[in-house]
Amino acid sequence: MNHLLPNTWMEPWESKDTYLETHYRLQREEAITMLRYGIKKFKESPNMMDDDEACIYTKVFVKGYLMTRLGPMCRVQFSTGRSGKKIRWIQTRRLTVGTLVALSTAQDCFQTICMPAIISDHRVEGGLDQNPPVIHLQWTNLDDAVMDPNQELVMVEDRFGYFEAVRHSMVGLQHVAETHTPLDKYLVQAHKVDLPAKYVEENPTMNVSSLVDHSSSTDERVPREELAEVIESLKRYSVLDGFDNELSKYTSLDKSQLDAVYRILTRELAIVQGPPGTGKTFTSVQALQILLESQDRGSNVVVVAAQTNHAVDQILIQLIKLGFHVVRLGGRTQNEDIKRYSMYNLRHRAHSRVSRRVDKDYRIFDSARQRNIENIEKVITDVFPEHLINPENLYTAGIISESQLQSLQTDGTWISATALPDGPEGPLAEWLGVQLMEVKVRDEKDPDFEAVESDDNLDADEQDYDMELDDCIIAEDENSGRVEGKFLPIRHAWTGANPRNYSETDLQVRRELQKPNLWDVDTKYRGAIYQYWQKKLLSLHDQSFRRLLEDNAGIAKNLKANRWYRDTQCIRSAQVEIIGCTTTGLCKYRGLLAALRPRTMLIEEAAETKEANILSALYGSLQQLILVGDHQQLVPQCSTPGLADAPYYMRVSMFERLVKLNMPFTMLNMQRRMAPLLREILNPFYPSLQDHPVVRQKDARPPVPGMSVDSFFFHHTWAEGMDENWSRYNVLEAEMVVRFIDYLMMNGVPASQITVLTFYRGQKKKILAQFKHKLKHWAPFTNVYTVDSYQGEENDIVVLSLVRSHGPNGPHQAGFLQDENRGVVSISRARRGFYIFGNMINLAHASNKSRSMWGRVQEVFRRHGHFGGDTRLPVTCQTHGKTTWMSHPEDWVNCHGGCDQACSGTLTCGHRCGRRCHWIPHEKLICQEPCERRLSCSHQCQRICGDNCFCNCAGFASVCRSSELASVGIAFSQGGVELRNGPSRLAPFVSQSQPRMGMKAGGENGRQRAVQGGQRGQRTNGDRRGLGCSGSGAGRRQPGQSVDNDQNHRWGNFDIKNDDERERKEVQTREKERAQCSGEPNPVTIRDTFLPVTLNHRGERQVGDRVILERGSTPSSEESHDLLDFNDTVETTTLTLRSIDLIGDRADRDILVDEAIGTSDDDAAGPPVGPSGSHDVQDRRSPRAYGAVPLVSQPFPRPVEQSPSHTLTPDDAFMVCQVDRPEWELGCATDMTSIIEGYAGDEEKKEEEEDGEGEQRAPYDDNERGGRNDLINF
């Protein structure tokens, strides 16, 4: 760096040449320093692997040339074996368009050869995704172009610099050296004379009526007639005299904004500093609106640029909304609205208006390019023919003599050997004979690494790379986003065998080459001689090939100039008023922009832009330069070590230099973003910053729900970590942030109103991972950004994660946190709430810079009483107003969005809630109190209030037939296993194509359940279709009609016991016949596995060890548990239900049934006993202890002749479905038509009713309680 000149930015420059030369050398050094360093390391260690500074690509071979309108592009294949990891090309920043790489031969390894090139196409599909990968590059010097496909190369890339942005600015600086502008006196000599722009001085009258605010913020006492007079008087206003003080009465702009608008409208060099929230972009748009409305449409274009694509799009969108004609240069915008205003779309709209002369010139240049491509193709074909070299070409090139040519053309009297059957034909093929050999395609496969390279540079924090190609390719190519052209492959198809590696330097080979008759050449040397001819022909055509490439590149430049000329015609014909691009585009499209002769240029985010980028864009037509920014926020980035600080100061922008030189500028001082309390955090850095009345209005910035304070600094000493990319993270801090945001969302704050900021990408990844893992009950939260990427943005609530911490005793390090510019950005993004999580002890002792930055922030929080020095964060319940202090992520576990008090609210049913304070609305909670409703059977409901009413008496069972639930599709879930009853799923063993069971029995559409009495009135179910219904409306019982007297309910007298006995005998007969045919009994083994599931005090499920219940027997006349019996001879299928004994212990099963249907112990059947007298079960505990859901079936209507009264028996009334079992273990989880939940014991039932925290109950009827998904049970 000894050749560099110091950047003396703190004083005026001696001359313009010194000024330009200094920045030119600095730009060039930034572009090549790290690449040069990488080459130096590779020269010292040729076997080095990829490191943090350089990428090494080996086995690089030329595959051919792609002839595009951007010029010739060389296609090369390469190996990434030095990376040691698999590369995700669709995400990585490796080999991006515009990257500078260096190539050398594998033999030289940069000792004497260094060939620079620029990556021209980052094509993944069909390119980088191949094995080996291929990519296109353009040689910076076409004399370096490689034509030999067998020449092995090596390629080096640095990970830091971005040459695409630098090279255009370097070219622009060369043009500026030859151009004089009225801005030179300010930028070079730092003249403080505040002169008006030339065009304003010539015509100072402007239309400033747009400053009048027509919204409600204008003084309502101003009469409409007076307002109209004011607007009319402002349409021709002399701006050089300044704005009248009376104007503030009619506008929403504050005084500092009016002063800034005046400066932008009038001064040659207008500098406006805008602290956070003061409306820099709004002020710029107001001034541009006046400029554009004061001139004829399309007469002059205004260039608007910014450092990032996002900032450019923001200001263009506002101008588009005002009705101005805009065009956007560059293709990296992500805004769909802005894409409609691209240069590509403008060309299509204005194509018919482009002059014929321009089209004629374009066709001439393109025809010349096509002829040039044909010449290049001929050279390649001569050197690399499809078969063998034409002997005429060898003679023309002087490689063989005339006599040797004639010897090949004369038919020989003998042939050394026959040619290959599928090989080429001709004299050379016969001459080579057996030494003719097909060249195999090089198979250099990349190793298949298991590890994947992690690239954190995807969020483009440091620089928003403008990676698109020059905007001058054909429309089809530009629209597809990829470069197209004719590809000319380079490879030898056939050659001669040379097993002994003879060369032209061997004496015997040279003697053979001198023989006039080639047939006299010894056959063992012919393959080596043919290889020599190939090399010689290649070397002779090498120079002509490069000259043709240079001609092609020159034609491409003419095409670019012609395309830009066509674009200027399109822009003028469309009367475009605003041209937007990035600061990189200012240099990249310099020819186009200079041809439009703009007189005004506005740079947004000027303090974040390098001085060379603005300096290189000073076109000769410019009369006014407007710089809007804030040098106290983000500054230009410099990735080259040693250039950012003294004496080169590449991080000092033109904006900051001019402000520090006390050039005239205007500072906005009225913020409209932050609540007054949050603005005080910024006052140590902006002492004159004030609040606009809009933020002081009542309810303008409402308090944060669930918080008693709108700002807080949570101090902790949890240690940080470092990931594989050397980025910092803090696990406990990340979890604390995630839990805090979970709490805010439980209190009603939308996720879109919360933003998490951090200084490190590693912490960003940790926070996003914590959200994904721990907060699955919310939609994915993605509002996590690094500070550098959030410049110019804002949100209601901002949570800042500082990360850096090595415990209370250090070592204390601050890293990025000591950068005051980044710190100012991080503390100025919030509107309503701002919360910091970090180690203040570390920041206070790390360095003077970090103490200066964060010490002042801490003092404001301490003065407000919002500094948690004791590692505590206060959260306040919205219901009870109680404040709870959170010190650790585990403290959030028992927090449901409220406090630890009991909820005093009332559920929709009228019962008191009684749960722990929660955020869930009461209408979504299931009441756990005993149901007090009296049913139509005159009994009180036996379930909890939140469940469907039920009574186990025979009268209620006959009324509550199976059709109640079939048509509505109610789902019951227990431990993750869902039981859904409805028309779509009757049973796992009944297909959808089979007729519905019970239709044969007739019946009615449904029933009405009239619940009489009770404290909360009546609850009825409407008519429903379902199982056992005829589908007609006949026989529907009217309200108030007695069930017992309803003759249409014939199924109510159906005796299922007698019918089951009949079915059992039929099944027994069939089994005996089947056994006689097979000669073997049919053993039946039922084995069930249960996972006991309980709820802990946090409401989380805990799954215990697996419990197996097994029972085996041989079917007999007493025990035949057939499940289905279909009668295919009838029109509708009759389903016969038997008891499904999945418990294995009949006694336990019957006890549960007794509890469910009200039978006595005397009526219960005894348990089956094995031969030894013991029960065939492994565990006799109640299945409810294992998390099972006891289900009781209702009798189905069946076509029978007799109709005695019938009472449910245990064999007909029980089913258990296991929870937490895989699908293949669920067995026959039959969907019953009605579900009755049984309890294992009175005490267990009583405890669950008292605590209200038992297992999840069956849901309400969908028609009654709003559906299962809306119900939440603690």
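Residues numbered from 1 in each chain as written. Predicted model: local features only at pLDDT ≥ 70, side-chain atom pairs only at ≥ 80, totals over all residues. Heavy atoms only, no water.

**Q** Explain the confidence of the model for the chain here, please?
**A** Caution is warranted with low-pLDDT regions, since their predicted coordinates should not be read in detail. For the chain, per-residue confidence averages 77 on the pLDDT scale, and residues scoring 70 or more make up 71% of the total. Contacts of residues 1080-1085 to residues separated by more than four positions or lying in other chains number 15 contacts, the stretch itself having pLDDT below 50. Confidence over residues 1111-1274 falls short of pLDDT 50; this stretch has 401 contacts with residues more than four positions distant or in other chains. (pLDDT = per-residue confidence, 0-100. Contact = heavy atoms within 4.5 Å.)

**Q** Teacher, can you tell me more about the sheet that holds strand S9 (residues 269-273) here?
**A** By way of backbone hydrogen bonds, the strands of a sheet pair with one another, either parallel or antiparallel. Read across the sheet, seven strands follow the order S11-S15-S10-S16-S17-S9-S18 without closing on themselves; strand pairing throughout is parallel. The strands lining the two open edges of the sheet, one partner per strand, are strand S11 (326-328) and strand S18 (666-667). Two strands pair when backbone bridges link them, and strand S10 (residues 302-306) and strand S15 (residues 578-582) are joined in this way by five bridges, in the parallel orientation. The partner of Ala306 across the bridge, within S15, is Thr582. In this fold helix H7 (residues 255-266) packs onto S9, strand S17 (624-629) and S18, with an angle of close to 155° to the strand it touches most, S9. Contacting S10, S15, strand S16 (600-604) and S17, helix H8 (residues 280-293) crosses the sheet at an angle of about 170° to S16. (Pairing = 2+ DSSP bridges. Helix = DSSP H or I, 4+ residues; strand = E, 2+ residues; numbered from the N terminus. Axes fitted to C-alpha atoms, helices over the stretch in contact; angles between N-to-C directions.)

**Q** What should I look at first to understand helix H3 (residues 163-176) in this one?
**A** Residue pairs spaced three or four apart in an α-helix point in one direction, given the helix's 3.6 residues per turn. For H3, built from 14 residues, the straight-helix expectation of 20 Å at 1.5 Å per residue is met to within 8% by its first-to-last C-alpha distance of 20 Å. Summarising burial for H3: 10 of the 14 residues are buried, a large majority. Residues of H3 that are buried: Phe163, Glu164, Ala165, Val166, His168, Ser169, Met170, Gly172, Leu173 and Val176. Where H3 is buried, its residues contact helix H1 (16-44), strand S3 (100-105), strand S4 (115-121), helix H19 (583-588), helix H20 (590-595) and helix H21 (611-615). (Expected span 1.5 Å × (residues − 1). Buried < 20%, exposed > 50% of the residue type's maximum accessible area, 1.4 Å probe, protein only.)

**Q** How should the environment of Val261 be read in this particular structure?
**A** Positionally, Val261 belongs in helix H7. Between the alpha carbons of Val261 and Val272 there is a distance of 9.1 Å; along the sequence they are 11 residues apart. Here Val261 is in contact with Leu211, Phe243, Leu253, Thr283, Gln286, Ala287 and Ile290, once residues within four sequence places are set aside.

**Q** Whenever I open this one, the pairing of S9 confuses me. Can you help?
**A** Each regular strand displays side chains that alternate between the two surfaces of the sheet. Most of S9 sits inside the fold, with five of its five residues counted as buried. Relative to S17, S9 runs parallel, the two being bridged by five bridges. Across the sheet, Ala270 pairs through a bridge with Ile626, a residue of S17. By the bridge criterion, two bridges tie S9 to S18 in an arrangement that is parallel.

**Q** I'm lost on the packing of H7 against H8 in this one. Help?
**A** Two elements in contact, H7 and H8, have axes separated by 9 Å at closest approach and are oriented at 45°. It follows that H7 is oblique to H8 by the angle criterion. The handedness of the crossing between H7 and H8 comes out as right-handed. Judged by residue contacts, Gln257, Ala260, Val261, Ile264 and Leu265 of H7 engage Phe282, Thr283, Ser284, Gln286, Ala287, Ile290 and Leu291 from H8. Considered class by class, the residues forming the contact of H7 with H8 number eight nonpolar, four polar and no charged. (Parallel < 35°, antiparallel > 145°, perpendicular 65-115°, else oblique. Left-handed = near helix turned anticlockwise from the far one by under 90°. Nonpolar A, V, L, I, M, F, W, Y, C, P; charged D, E, K, R; others polar.)

**Q** Quick question: what am I supposed to make of the packing of aromatic side chains here?
**A** Here a ring pair, both rings aromatic, is described through the centre-centre distance and the interplanar angle of the planes. In this structure the tally under the stated criterion is 24 aromatic pairs. On the basis of an interplanar angle of 85° and a centroid distance of 5.9 Å, the ring pair of Phe713 and Phe861 is categorised as edge-to-face. Highlighted residues: Phe713 in strand S21 (residues 711-715) and Phe861 in helix H29 (residues 848-864), separated in sequence by 148 residues. Judged by its relative accessible area of 0%, Phe713 falls in the buried class. By relative accessible area, Phe861 is classed as buried at 1%. Aromatic side chains Phe713 and Phe867 sit 5.2 Å apart centroid to centroid with 55° between the ring planes, which places their arrangement in the tilted category. You can see Phe713 sitting in strand S21 and its partner Phe867 sitting in strand S28 (residues 867-868), a full 154 residues away along the chain. For the residue pair Phe713 and Phe867, the accessibility class agrees, reading buried in each case. Through pairs of rings, three or more aromatic residues link up here, namely Phe714, Trp718, Phe740, Tyr743, Tyr835, Phe837 and Trp892. We note Arg75 situated over the ring of Phe487; from NZ or CZ to the ring centre the distance is 3.8 Å. The residue whose ring lies beneath Arg599 is Tyr199, and the NZ or CZ to ring-centre distance is 4.0 Å. (Phe/Tyr/Trp six-rings, centres within 6.5 Å; stacked < 30°, edge-to-face > 60°. Lys NZ or Arg CZ within 6 Å of the ring centre and 35° of its normal.)

**Q** Can you walk me through the sheet that holds strand S26 (residues 795-801) in this structure?
**A** Spatially, the six strands line up as an open sheet ordered S25-S24-S26-S27-S21-S28, and their pairing is parallel. Each edge of the open sheet is held by one strand with a lone partner, namely strand S25 (784-786) and S28. Pairing analysis gives five bridges linking strand S24 (residues 754-758) to S26, with the strands arranged parallel. Paired with Ile754 across the strands is Ile797, a residue of S26. Those strands touched by helix H26 (residues 761-774) are S24, S25 and S26, and its axis lies near 175° from that of S25.

**Q** Teacher, can you tell me more about the pattern of salt bridges here?
**A** This model, assessed by the stated rule, comprises 48 salt bridges. Residue Arg804 is joined to Glu720 by a salt bridge in which the shortest nitrogen-to-oxygen separation is 2.8 Å. Placement of the pair is Arg804 in the loop between S26 and helix H27 (820-826) and Glu720 in the loop between S21 and strand S22 (721-722), with a sequence separation of 84 residues. A residue is classified by how much of its surface remains accessible, and Glu720, at 13% relative accessible area, is buried. Several salt bridges share partner residues, and in doing so they unite Arg673, Glu794, Asp796, Arg831 and Arg832 into one network. (Salt bridge = Lys/Arg side-chain N within 4 Å of Asp/Glu carboxyl O.)

**Q** I would appreciate a short explanation of the environment of Gly298 in the present structure.
**A** Looking at the secondary structure, you find Gly298 in the loop between H8 and S10. Classification of Gly298 as partly exposed rests on a relative accessible area of 24%. As a C-alpha pair, Gly298 and Arg572 span 274 residues in sequence and 6.5 Å in three-dimensional space. Setting aside its immediate chain neighbours within four residues, Gly298 contacts Gln575, Val576 and Glu577.

**Q** What is the right way to look at unusual backbone geometry in this model?
**A** The amide bond that connects Asn131 to the next residue, Pro132, takes the cis arrangement and shows omega of 5°. Tracing the sequence through the fold places Pro132 in the loop between helix H2 (124-128) and strand S5 (134-139). A cis amide bond links Ala646 to the next residue, Pro647, at an omega of 5°. Mapped onto the elements of the fold, Pro647 is located in the loop between S17 and helix H22 (654-660). Of note in this structure, Phe110 is not a glycine but carries a positive phi near 70°. With respect to the element layout, Phe110 can be found in the loop between S3 and S4.

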